[in-house]
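Given next are the chains, with one letter for each unit.
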Amino acid sequence: MATKAKRKGASKAGRRPAPVKIVFIGLGAVGSGMLICLSELAERDGVPVRFVVFTTNPDRARDALFNAERLFDRIEFVAVPDFAPLFAMVPPYDGLLQGATVLVNAALPDFNSPVIELAIRLGAYAVDLASDMYNEDTERTLTFPQYRHEAALRARGCGALINLGVAPGMTDFLIGERMYDLLAVGRKDLDVESIDLYLLEDIDSDSVIFSWSPLVALEELAQRPRVVREGALVTLEPFASAREYQFPHEPEPTREYPLYQEELLSLHRAFPAVEAISVYTGGSEVELVKALFQLNLLSKRTLPERPDLTVEAVVRSLLPGMKNARRIETYLRDGIIRRAHFAAAAEIRISERVRSERRTVIETIGLSYQRYRGLLGSPYAGATYISYPAAVCAAILMWHALEYARAQHRPRLTGVLTGEDLARILPRSRADAIRRDLVAWDIDLFGGVRDASEN
């Protein structure tokens, strides 16, 4: 793990890099992991960094970093009654925001637009981890709300890095990197027929443990999934059209179900010529939500004697909440969590003419996180097996993007930028550095090419 690796400052004698001020809006499971990883990256590269954390509960924010207290001398925790005065830049928050290099929305997707607007006023970058997929505008336009700020960001010479994390985020980057390489060949006979992304969220535990908020998991997995077919979005029934997928390091194939997630809209926007795009998910957490759905426990029907309550509302109220970081660490140390594996595998189906006939191959690009027990004894102990790779991937993408922008001495990263955009803009040397950092932080990469006729 990178926390155990020997670090070397990247700055040359007499040329100390300019300091970086990173502001977090909220600090949950992913945000705290991002902060730790960013501090490690900054220390390795010899970049002085300071953090400001705005939170409604500073004690809880400090507790999320209970294994990283050595960083507290670099962090200013600022209590806010709510975030509206912060977004309005009223005193004293205006002074605390001045000089910010980047603002990270580590709270809610609802804050994406206010954080971007604040970044535009400050001339800073904005970063978020997910988009609101289910609002009316997105449903109608199939465009993330952050794109409303595209022109203003470009005019100000700053950018918003959106949907960072592991999935979405690093998945978009890795897929985008391969797609742009394919397109750069310039062969008219080469056709990308489809992109299928498979996700695995699997945990073997003696207790029911949600790696994400149970409410978010229910909302996401119980939505009617969508896929792109013949260039258009098609809606499916929940948990229908399942596939079997064999992930590396898994003894048996995993049952995978279509999922409506950010990658679908993002890849469709970046590569509109690809007529078939799908996102699938599977594993123990998905099977739990599937069971609730099939038992009609996610029904919108009201209770016979309580017309003000739905079946779904009752189930949501009874579900266990996310465990705090200290409890998760105890579960892992005591063996209650026996095994956990997160993986993402993208299959790109490519058809081209070879020796006067049409041949089709499938290229696989993926990442895997299965060293969960390795977090014990590290600053990240207490993260879940999904929040850790999400935090690390977001931090690595953000760090390399900002270091590239700072090195250019001109606004190269402007507007709304997804993982696919970063794959297009960042030079090969940066992409290679991102891959090395993923492995250094225990995220394995895998890939290969096979003949499609083998399926």
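Residues numbered from 1 in each chain as written. Predicted model: local features only at pLDDT ≥ 70, side-chain atom pairs only at ≥ 80, totals over all residues. Heavy atoms only, no water.

Comments concerning the overall build of the protein chain
Looking only at helices and strands, the protein chain has 16 helices and 18 strands in total. Computed over the C-alpha atoms, the radius of gyration of the protein chain is 22 Å, within 12% of the 23 Å expected from 2.2 N^0.38 for a compact globule of 455 residues. Across its three principal axes, the protein chain shows a C-alpha extent of roughly 65 × 60 × 45 Å. With 455 residues in all, the protein chain has 55% of them scored as buried. (Helix = DSSP H or I, 4+ residues; strand = E, 2+ residues; numbered from the N terminus. Rg over C-alpha atoms; globule rule 2.2 N^0.38 Å. Buried < 20%, exposed > 50% of the residue type's maximum accessible area, 1.4 Å probe, protein only.)

Examining the nonpolar core
Formed by 131 residues in total, the largest nonpolar core has its most connected members in Ile 22, Phe 24, Phe 54, Phe 173 and Met 398. Here the element with the most residues in this core is helix α14 (residues 387–408); it accounts for 15 residues. Ignoring sequence-local partners within four residues, the contact set of Phe 173 consists of Leu 397, Gly 419, Glu 420, Leu 422, Ala 423, Leu 426, Ala 431 and Ile 434. Of all hydrophobic cores here, the second largest spans seven residues; its members include Leu 200, Tyr 245, Phe 247 and Ala 343. (Core = buried A, V, L, I, M, F, W, Y, C linked by side-chain atoms within 4.5 Å. Contact = heavy atoms within 4.5 Å.)

Considerations on the environment of Phe 66
Within the secondary structure layout, Phe 66 lies in the loop between α2 (58–64) and β3 (75–79). In this structure Phe 66 comes out as buried when scored by relative accessible area, which is 12%. Distance in space between the C-alpha atoms of Phe 66 and Gly 382 is 8.8 Å, their sequence separation being 316 residues. Excluding residues within four positions of it along the chain, Phe 66 makes contact with Ala 325, Arg 326, Glu 329 and Ala 381.

Digging into the packing of helix α8 (residues 166–184) against helix α10 (residues 262–270)
Close contact between α8 and α10 brings their axes to 10 Å; oriented N to C, the two are set at 25°. In terms of axis orientation, α8 runs roughly parallel to α10. Our pair here, α8 against α10, has a crossing hand that is right-handed. Counting all contacts with α8, which are made through Ala 167, Pro 168, Thr 171, Asp 172, Ile 175 and Tyr 180, the residues of α10 involved are Glu 262, Glu 263, Ser 266, Leu 267 and Ala 270. Looking at the contact of α8 with α10 residue by residue, the classes come out as six nonpolar, two polar and three charged. (Axes fitted to C-alpha atoms, helices over the stretch in contact; angles between N-to-C directions. Parallel < 35°, antiparallel > 145°, perpendicular 65-115°, else oblique. Left-handed = near helix turned anticlockwise from the far one by under 90°. Nonpolar A, V, L, I, M, F, W, Y, C, P; charged D, E, K, R; others polar.)

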